[in-house]
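# Survey of secondary and tertiary structure
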Amino acid sequence: MYSGRMKDELERFVASLAIPADRKAIILAELTDHVACATEAAARDGLDPEAAGRAALGNLEALRRSLEAIEPAFRITMWHAVGRGLLAAVLVAIVLDRGGAVMAGIVGAMIVVAIAAALAPPRALDLLRAELRAPRIRGTLGVARGVPIGPALTYALTVTSVPFVVWVALIIERAYAGATVLDVPPSAFAVAAAVCLLLLVEGIRARRRAAA
Amino acid sequence: MPRTRQRDAVPRGALRALLLAALAESDLHGYALARKLERRARGTLKIREGSLYPALHELELEGAVEASWTRAPDGRRRRVYSLTRSGRRSARGARAEWLAIADMLHAILAT
């Protein structure tokens, strides 16, 4: 087993990571096992276990950067993403529906895009990039290939599609009440356009990175 | 430059393919996974923790691998990774893709 000094160093390192607490426990257990395996192997081979353990830890700052980029994404579950997506979508739908003429143009478009961005799960962009980098798989029906849908894409799809469902429901309800005039402001498509643009840009970047 | 020089920076996509390929053969914990790949590379590759665990966790986020807890012989907790069904599909795709890239590079660079 590796020395108490290294154990303390490892614990301090993991405690200092800017990642969710439950992920810290997992990382600490994994790195502890990793270093212990390295020291045991060195002892078996007649090498210096302390040096082997330290070498196994490698560059802690590089490890910190990598872990802090990926670990926060574990905080977001699919249900979490759906919940936030529904909340953002309903807010977007109501703000545009009740906002009047001022919300029909560029101001409305900027406000609803800001709402969708503000209610996105934490580190959603990092998560989206990770999801878009995933290898293409064939879907359940076996017809098309695409990336598996994770929490970030779930949020994007929810916040894009649900406002239209809300508006269709409002149109039907108002039609029953006798209101037959339909006004579709350009800002109604702002969130969908922003999400499509983001997916296009990040999708191209992900493909380029995969090719590189 | 000797051709057997040890590499410690594997392109991200290649590391994914290597991890998926190793896990397609058996479930493994991080240290065993790294050593298995290094043995297979006959000393030409060194996998650093700075890239190993983040890559494994990224695969876990994507649903390609899943992790379960076991115990090492001395009782410490150990996280063992295995491929999911979609991970097996990804492993096959990544293997074919990287073998094709390797063939293409070999055809161009080895002449």
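You'll find the structure just up there.
Residues numbered from 1 in each chain as written. Chains lettered and ligands numbered in written order. Predicted model: local features only at pLDDT ≥ 70, side-chain atom pairs only at ≥ 80, totals over all residues. Heavy atoms only, no water.

## Quick word on the overall build of chain A
Condition: Only DSSP runs of H or I with at least four residues qualify as helices, and only runs of E with at least two residues qualify as strands; both kinds are numbered from the N terminus onward. Buried, partly exposed and exposed residues are distinguished by accessible area as a fraction of the type maximum, computed with a 1.4 Å probe on protein chains only: under 20%, between the cut-offs, and over 50%, respectively. Note on contacts: a residue pair qualifies if any of its non-hydrogen atoms lie within 4.5 Å across the two residues. Computed by Shrake-Rupley with a 1.4 Å probe, the accessible areas treat only the displayed protein chains as cover when residues are assessed.
Secondary structure summary: chain A contains nine helices and two strands in total. Going through the 212 residues of chain A one by one, you find that 41% of them count as buried. Taking as baseline every contact in chain A between residues at least 6 positions apart, the subset at least 24 positions apart corresponds to 70%. Taken as a whole, chain A presents about 11300 Å² of accessible surface, with 67% of it coming from carbon and sulfur.

## Section: the pattern of salt bridges
All names here are of chain A. Let me state the cut-off plainly: A pairing counts as a salt bridge when a side-chain nitrogen of Lys or Arg comes within 4 Å of a carboxyl oxygen of Asp or Glu.
As enumerated under the stated definition, the model contains 19 salt bridges over all chains in all. A salt bridge links Arg54 to Glu50, with the nearest nitrogen and oxygen atoms 3.6 Å apart. In this pair, Arg54 and Glu50 are both assigned in helix H3 (residues 49-57), four residues apart and thus about one turn of the helix distant. A relative accessible area of 33% means that Arg54 is categorised as partly exposed.

## Thoughts on helix H4 (residues 60-70) of chain A
In an α-helix, one turn spans 3.6 residues, which is why side chains three or four residues apart end up on the same side. Inclusion rule: Directions from the helix axis toward the C-beta atoms define the arc. For the purposes of these results, a polar contact is taken to be a pair of N or O atoms within 3.5 Å, where, inside protein, one atom must be able to donate a hydrogen and its partner to accept one; residues adjacent in sequence count only when each atom of the pair is a side-chain atom.
Within the span of H4 of chain A, buried status applies to Leu60, Leu63, Arg64, Leu67, Glu68 and Ile70 of chain A. Seen along its axis, H4 of chain A keeps its buried residues to an arc of 165 degrees; they face one direction. Where the residues of H4 of chain A are buried, they touch helix H1 (4-15), helix H2 (21-44), H3 and helix H7 (124-133) of chain A together with helix H3 (49-61) of chain B. You can read the cap of H4 of chain A off the contacts: a side-chain oxygen lies 3.0 Å from the backbone nitrogen of Glu61 of chain A, and it is on Asn59 of chain A.

## Some remarks on a positive patch on the surface
Which entries qualify depends on this criterion: To count toward a patch, a residue needs a relative accessible area over 30% and no salt bridge; like charges are then connected within 9 Å, while nonpolar side chains (Val, Leu, Ile, Met, Phe, Trp, Tyr) are connected within 5 Å. The convention is simple: Lys and Arg are positive, Asp and Glu are negative, and His and the chain ends are not counted. One atom stands in for each charge, and that atom is NZ of Lys, CZ of Arg, CG of Asp or CD of Glu.
A cluster of like positive charges, contributed by Arg85, Arg88, Arg89 and Arg92 of chain B, occupies part of the molecular surface. Inspection of the secondary structure puts Arg88 of chain B in helix H4 (residues 85-109).

## Considering the interface of chain B and chain A
Put simply, the rule reads: Here the quantity called buried area is the total loss of accessible area, with a 1.4 Å probe, experienced by two parts when brought into contact, counted for both. Here the nonpolar group is Ala, Val, Leu, Ile, Met, Phe, Trp, Tyr, Cys and Pro; Asp, Glu, Lys and Arg are the charged ones; every other residue, Gly included, is treated as polar.
Residue-level contacts link 27 residues of chain B with 34 residues of chain A. Taking both sides of the interface into account, the surface hidden between chain B and chain A amounts to around 2600 Å²; carbon and sulfur atoms contribute 59%. Considering only the surface of chain B that becomes buried against chain A, Tyr31, Leu61 and Arg76 of chain B emerge as the three largest contributors, covering 25% of it. Our enumeration of links across chain B and chain A arrives at four salt bridges. Seen at the junction of chain B and chain A, the total is eight residue pairs in polar contact (both at pLDDT 80 or more). Top contributing element to the side of chain B that touches chain A by residue count: H3 of chain B, with nine residues. Split into classes, the residues belonging to the side of chain B that touches chain A amount to eight nonpolar, six polar and 13 charged.

## Topic: the environment of Leu182 of chain A
Locating Leu182 of chain A in the fold gives a position in the loop between helix H8 (151-176) and helix H9 (190-211). Put simply, Leu182 of chain A and Ile171 of chain A are eleven residues apart on the chain and 7.7 Å apart in space, counted from C-alpha to C-alpha.

## Here's the deal with the packing of aromatic side chains
Between two aromatic rings, the relevant description is the distance of the centres plus the angle of the planes. Filter applied, for reference: Classification of ring pairs rests on two measures: the distance between centres of Phe, Tyr or Trp rings, Trp counted by its six-membered ring, which must be within 6.5 Å, and the angle between planes, read as stacked under 30 degrees, edge-to-face over 60 and tilted in between. Ring-over charges, as used throughout, are those where CZ of Arg or NZ of Lys falls within 6 Å of the ring centre and within 35 degrees of the ring normal.
Enumeration according to the criterion identifies two aromatic pairs over all chains in this entry. Look at Phe164 of chain A and Trp167 of chain A: their rings are 5.3 Å apart centre to centre, the planes differ by 90 degrees, and that puts the pair in the edge-to-face class. Here Trp167 of chain A and Phe164 of chain A lie together in helix H8, a separation of three residues that amounts to about one turn. Classification of Phe164 of chain A by relative accessible area gives partly exposed; the value is 30%. With a centroid separation of 5.8 Å and 35 degrees between ring planes, the pair formed by Phe164 of chain A and Phe189 of chain A is classed as tilted. Taken together, the residues Phe164 of chain A in helix H8 and Phe189 of chain A in the loop between H8 and H9 connect sequence positions 25 residues apart. Using a relative accessible area of 43% as the deciding quantity, one classes Phe189 of chain A as partly exposed. The ring of Tyr31 of chain B has Arg35 of chain B sitting right over it, with the charged end atom 4.5 Å from the ring centre.

## Here we look at the sheet that holds strand S2 (residues 65-71) of chain B
Convention followed: One requirement defines pairing of two strands: DSSP has to find at least two bridges between them. Comment: axis = line fitted to C-alpha atoms, over the contacting stretch for helices; angle = value between 0 and 180 degrees taken between N-to-C directions.
Across the sheet, three strands lie side by side as S1-S3-S2 (chain B); this open sheet has antiparallel pairing. At either margin of the open sheet sits one strand with a lone partner, and together these are strand S1 (28-29) and S2 of chain B. The sheet contact formed by S1 of chain B and strand S3 (residues 77-83) of chain B spans two bridges and is antiparallel. The partner of Leu28 of chain B across the bridge, within S3 of chain B, is Tyr81 of chain B. Each of S1, S2 and S3 of chain B is contacted by H2 of chain A, which is oriented at about 100 degrees to S3 of chain B, the strand it contacts most. In the packing of H3 of chain B onto the sheet, the strands contacted are S2 and S3 of chain B, and the crossing angle to S3 of chain B comes to about 55 degrees.

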